[in-house]
Amino acid sequence: MSWNRVAVVGAGLLPFGELFDRSYEQLASGAFQAALGAVDHGMAKEDIDAIIVSTQRGTLWGQEGIGGNTIPSAIGLNGVACTRIENACPSGADAFRIGAMAVASGVHDVVLVIGVEKMRDKSSREGLLARAASGHPIYNRGETAPVLFAPFATRHMHEFGTTREMLGAVAVKNHHNGSLDPYAHFQDGLSMERYLGGVTVCDPLTLFDCCPQTDGAAAVLLASPERAADYTDKPVWVAGFGVATDHPSLHEKQSFVELAATVGAAKRAYTMAGIGPGDIDMAEVHDCFTITEILDIEDLGFFDKGKGGLAALNGETTLDGRLPINTSGGLLAKGHPIGATGIAQLTECWWQLRGEAQARQVEMRNGFALQHNVGGRGSGVSVVNILTNRP
Amino acid sequence: MNVSIVAVGPAAPARRVAVADIAAGWGESAGRGHVAVCDGDEDALTLAWTAARRALAAADLDGDDVDGLWWGTAHPPFLQGPNLAYLAAALGMREGIEGALLAGARTSGMEALFVAWDAVAAGSVDRALVVASDVANAGLGTADERQVGAGAVALVLRLGDDGPAVLTRRSSLTRPHLDRYRGPGDAAVREAYDGRLHREEVFLPALKALGGALAAGGEVPADGLRWSLPDPDGRLGRLLGKALGAGEVASAGVRTALGDAGAAAGLLGLAACLDAPGEVVALDQGSGRAVGVAVSVRSAVPGAADVAALGDGLRDTTYAEVLRARGRLVADTDPIDMAVPPGGAGFVRGNVELLGLHGAACADCGTISTPPSVHPTCIGCGGDNLAEVGLERTGTIHTFVVNATMPAPFEAPLPLLVVDLDDGARLMVQGTAATVGLGIGDRVELVLRRYAVERGASIYGHKAAPPSTVVLDRVADAKTGAHP
């Protein structure tokens, strides 16, 4: 794939939160309308050739066998081709990649990529916490989501002297960014004092080290270069992407200070885009927990291994820092409706590249934004997408 | 031909609760001493496993060196189910072993010794493993609740009269008396109906007759023998000793340390008598049977000194923790079921590798992938030249967490540890309660524990625990060849 084959011509989302009053279908329809409404010159919905939908876990709202066919009818596109992608926490990011490939191949001209997740229709106990009893009955027993990342915090602290204050700097920064984002689940900000007083969730992680459980939906519209001109004079282009896998269980990890899937996905995305980490102006990375962001910014090549915590503490990743990270508030403040998360991150990158991020706008010197997710039971898969505003 | 005891292994839970704390729970201030109590992940099977592992280590044997397994307990985890099969698999024993579970009586432990003794004497097996284990299960608020403890002991038997100790005589009396019992649906063992009736008409008459006969069958007078005597209420043991004219009651120490260990008490007391040369008589009584055995000890039996090393344990356990661990204080919330049903294909496929702690070793790069059934190829090199191996059980903590937020039936704090085993395999397992506070680089050993009880079925796997000096010393000795 060469440059500029796929344009992002529209993107949008609904404000994230505990959306008890809206159904899965209503969320999908709202996100679709938001993306459609963001197309500069407008788009007829009949232009859409195909839909890629990302929903990670229908069981969280009672739908065991959810498939791609749920969405077209809900958003007024009955009959349109639709396929569901499930690839753990990077589901949304991977749906975007698959949608981009569908356009790049020439099979489709206009593709809707939409991510929808209902995380709060069931109680926490029967929702995400219930994973403590899932997977291998012995070797995975007791693994709630924080267990998948807390061992990395323990080891990162041991090897590099990473401190609670460094983890806290990530949380405080992302909650500050969230306070500037009208789409964020949490918009109240967070003081270091309040962070340090958080109750223990999974030692060494405490309350504000963890992202919330959030309902949400987000959508982007992709178009071929030929069609993109009809929709916008200010397109954002897909510069590159990469996917990599790693062994799925924690005990199979070689390292507890690095996520190998992220390293692999980033390498492929940079190679495809023909750039390096130094060319990135801002990044939306997977901060399901504070330690995850520290691992990410090292594994993506932004900071040396072991220096991610210090970079956060020194303010190098704030909105006016050397490399702004998670300007939207990240998963920690904006929320993590799994299937929608990656697409919402891409929407933030789209706004930043178009100069539309309002109070969160950062300087885009090189014109490259990076989006990243990592997930699976033991961070077994990562997806990196790189967008650019360069013609 | 006579049968020898070549090694023993004792085991007990680490926790102790003060009898005064139990009494205080019922508004009373009486009570002295401590009794052993299980954690929520321990039961008669996990205690039996620990004792058996220690006895095998003391004998310098592996599980597959033994031809038969006889296990006696009054509290098997399944009233009907694969009790013996789970224990045998967790010990790495062969599928073709002889053996049986003896259950349903206080005397089941001693009876397991009798049956194994006959099997060895008859030539059915060359080497037999006898295990007795039991867990406290007295009614709430009863006097017995302040007496019962928990413990286990295993003995390795083989044919011949040249071992350190030789089984010489045995005897039993069978009388249709109801004392302590548990009926269908009973949550706990009921107390004797009348203490004086039990003492005067059941306990003392049977044991005086049995003990007297066993003593008379030998050449050493009663006051020159070492005795193991039952003591269900903390007083009857002393009375019985006096009535028999007994010399040293060598079982008194372990009774004080653990409380009355039920079906394990008889053989635990016997094991306490095997640490020095002499003539021994061990008795037990209950459930309509009085049973006894005479043993001639030539030299200290390997492992016997470890009975005294069971020690005082951890004494900070509260009565509420005891009740929760025993399943008598249960949260009224709907528990989350595990994704793999206990009787489902996942366990049918995986139980041998889980209970036996197996890995898949790569002949090409040496990496060990665990468990084998989900690793058809090597996690190190991707090759498929794999052989199933037993994993080392000792290792070092690489990293860890302590989970504080989980739904029922989980209980916080729950440690989860990534352990680098000494054979190079890496595992992530739960830690026992005693691993809270351990850190990176600390040594642990893997022990069999109960991970869950679901649909009435106990689910077992291995957990990391602080290393037991008893076991680690034996392993180190065996490797250097220092052990006799």
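Residues numbered from 1 in each chain as written. Chains lettered and ligands numbered in written order. Predicted model: local features only at pLDDT ≥ 70, side-chain atom pairs only at ≥ 80, totals over all residues.

A. Layout of the overall build of chain A. Counting secondary structure elements, chain A contains 12 helices and 11 strands. Against the compact-globule benchmark of 21 Å for 391 residues, chain A has a radius of gyration of 19 Å, which places it among compact chains. Here chain A, with 391 residues, has 63% of them falling under the buried criterion. Taking the intrachain contacts of chain A between residues at least 6 apart in sequence as the baseline, contacts between residues at least 24 apart amount to 78%. (Helix = DSSP H or I, 4+ residues; strand = E, 2+ residues; numbered from the N terminus. Rg over C-alpha atoms; globule rule 2.2 N^0.38 Å. Buried ≥ 20, exposed ≤ 12 C-beta atoms within 10 Å, placed from the backbone. Contact = placed C-beta atoms within 7 Å.)

B. Spotlight on the overall build of chain B. Counting its regular elements, chain B contains 11 helices and 20 strands. For 484 residues, the compact-globule formula gives about 23 Å, and the C-alpha radius of gyration of chain B, at 22 Å, lands near that figure. Seen through its C-alpha atoms, chain B measures out along the principal axes to roughly 70 × 55 × 35 Å. The 484 residues of chain B split such that 53% are buried. Counting only contacts in chain B whose residues sit at least 6 apart along the sequence, the fraction spanning at least 24 positions is 70%.

C. View of unusual backbone geometry. A:Asp203 connects to A:Pro204 through a cis peptide bond whose omega is 15°. Tracing the chain through its elements places A:Pro204 in the loop between strand S5 (200–203) and strand S6 (205–206). The peptide bond linking B:Thr370 to B:Pro371 adopts the cis configuration, its omega dihedral lying at -10°. Mapped onto the elements of the fold, B:Pro371 is located in the loop between strand S14 (368–369) and strand S15 (386–390). Positive phi outside glycine occurs at B:Ser287, with the angle close to 60°.

D. How the structure looks around the environment of A:Ile66. Examined against the element boundaries, A:Ile66 turns out to sit in the loop between strand S2 (50–54) and helix H2 (70–74). A:Ile66 sits 18 residues away from A:Arg84 along the chain, and the two C-alpha atoms are 8.7 Å apart.

E. Looking closely at the sheet that holds strand S1 (residues 3–11) of chain B. Residue and element names in this part refer to chain B. The strand order across the open sheet formed by 10 strands is S5-S4-S6-S7-S1-S8-S12-S11-S9-S10, and the pairing between neighbours is mixed. Two strands bound the open sheet, and with one partner strand each, they are strand S5 (98–103) and strand S10 (248–249). Strands in contact with helix H5 (residues 195–216) are strand S8 (165–174), strand S11 (278–286) and strand S12 (289–297); relative to S11, the strand with the most contacts, it is inclined by about 155°. Against the sheet, helix H8 (residues 265–272) touches S1, strand S6 (127–134), strand S7 (151–159), strand S9 (226–228), S11 and S12, its axis set at about 165° to S11. (Pairing = 2+ DSSP bridges. Axes fitted to C-alpha atoms, helices over the stretch in contact; angles between N-to-C directions.)

F. How the structure looks around helix H3 (residues 91–104) of chain A. Residues and elements named next belong to chain A. Between the first and last C-alpha of H3 there are 20 Å, a value that for 14 residues agrees with the 20 Å anticipated at 1.5 Å per step. Within H3, 11 of the 14 residues are buried, which leaves it mostly tucked inside the rest of the structure. By the burial criterion, the buried members of H3 are Ser91, Gly92, Ala93, Asp94, Ala95, Phe96, Arg97, Gly99, Ala100, Ala102 and Val103. In the stretch just after H3, Gly106 is the one whose phi turns positive, near 90°. (Expected span 1.5 Å × (residues − 1).)

G. Local environment of the interface of chain B and chain A. Listed by partner, the interface residues are 32 residues for chain B and 28 residues for chain A. Those elements giving two or more residues to the side of chain B that touches chain A turn out to be helix H10 (345–355), strand S16 (394–403), strand S17 (414–421), strand S18 (426–430) and strand S20 (457–465) of chain B. Each residue belonging to the side of chain B that touches chain A can be placed in one class, and the counts come to 22 nonpolar, 8 polar and 2 charged. Where S5(A) meets S16(B), 2 bridges bridge the pair, whose relative direction is antiparallel. Note that in S16(B) the partner of A:Cys202 across the bridge is B:Asn403. (Nonpolar A, V, L, I, M, F, W, Y, C, P; charged D, E, K, R; others polar.)

H. Molecular detail of the sheet that holds strand S3 (residues 81–85) of chain A. All names here are of chain A. Ordered in space as S3-S2-S4-S7-S1-S8-S11-S10-S9, the 9 strands form an open sheet in which the pairing is mixed. Two strands lie at the open edges of the sheet, namely S3 and strand S9 (282–284), each paired on one side alone. Put simply, the sheet's adjacent strands are angled 25° from each other on average, direction ignored.

I. Structural view of the nonpolar core. If you look at the biggest cluster of nonpolar residues, it comprises 289 residues, and the most contacted ones within it are A:Ala31, A:Ile114, A:Leu387, B:Val8 and B:Ala55. Broken down by element, this core gets its largest block of residues, 12 residues, from helix H2 (residues 44–59) of chain B. Those residues in contact with B:Val8, other than ones at most four positions away along the chain, are B:Ala55, B:Ala58, B:Val153, B:Ala154, B:Leu155, B:Ala271, B:Leu274, B:Val301, B:Gly303 and B:Ala304. (Core = buried A, V, L, I, M, F, W, Y, C linked by C-beta atoms within 7 Å.)

J. Fine view of the confidence of the model for chain B. Residue and element names in this part refer to chain B. Looking at chain B as a whole, the pLDDT averages 93, with 96% of positions reaching at least 70. Note on residues 471–484: pLDDT under 50 across the span, and 19 contacts to partners over four residues away in sequence or across chains. For this predicted complex, the interface score ipTM comes out at 0.95, alongside a pTM of 0.94. (pLDDT = per-residue confidence, 0-100.)

K. Spotlight on the pairing of strand S7 (residues 216–223) of chain A. All names here are of chain A. By the criterion of burial, S7 is predominantly enclosed, with 8 of the 8 residues buried. In terms of strand pairing, strand S1 (residues 7–13) meets S7 through 6 bridges, oriented antiparallel. The partner of Gly10 across the bridge, within S7, is Leu221. Direction of pairing for strand S4 (residues 110–117) relative to S7: antiparallel, over a ladder of 8 bridges.

L. Seen up close, the domain arrangement of chain B. Parsing chain B into structural domains produces domain 1 (3–325), domain 2 (331–356 + 393–484) and domain 3 (358–390). Relative placement of domain 1 of chain B and domain 3 of chain B: their C-alpha centres are 41 Å apart. (Domains from an automatic or database assignment.)

M. Quick look at the packing of helix H3 (residues 83–90) of chain B against H10(B). All names here are of chain B. Following both chains from N to C, one finds H3 and H10 inclined at 50°, their axes separated by 7 Å at the closest point. For the element pair H3 / H10, the angle class is oblique. Mapping the contact onto sequence places Tyr86, Ala89 and Ala90 in H3 and Asn351, Val352 and Leu355 in H10. Partitioned by chemical class, the residues of the contact of H3 with H10 number 5 nonpolar, 1 polar and no charged. (Parallel < 35°, antiparallel > 145°, perpendicular 65-115°, else oblique.)

N. Quick peek at H10(B). Residue and element names in this part refer to chain B. Buried within H10 are the following residues: Gly350, Glu353, Leu354 and Leu355. One side of H10 carries all its buried residues, which in axial view fall inside an arc of 165°. Buried positions along H10 lie against H3, strand S13 (358–362) and S20. (Arc of directions from axis to C-beta.)

O. Spotlight on the packing of helix H4 (residues 150–160) of chain A against helix H9 (residues 290–299) of chain A. All names here are of chain A. Contact geometry of H4 with H9 gives a least axis separation of 9 Å together with a crossing angle of 60°. In terms of orientation, H4 and H9 fall into the oblique class. H4 and H9 meet at a crossing whose hand is left-handed. Of H9, the residues touching H4 (which contributes Phe152, Ala153 and His156) are Ile291, Ile294 and Leu295. Within the contact of H4 with H9, the residues separate by chemical class into 5 nonpolar, 1 polar and no charged. (Left-handed = near helix turned anticlockwise from the far one by under 90°.)

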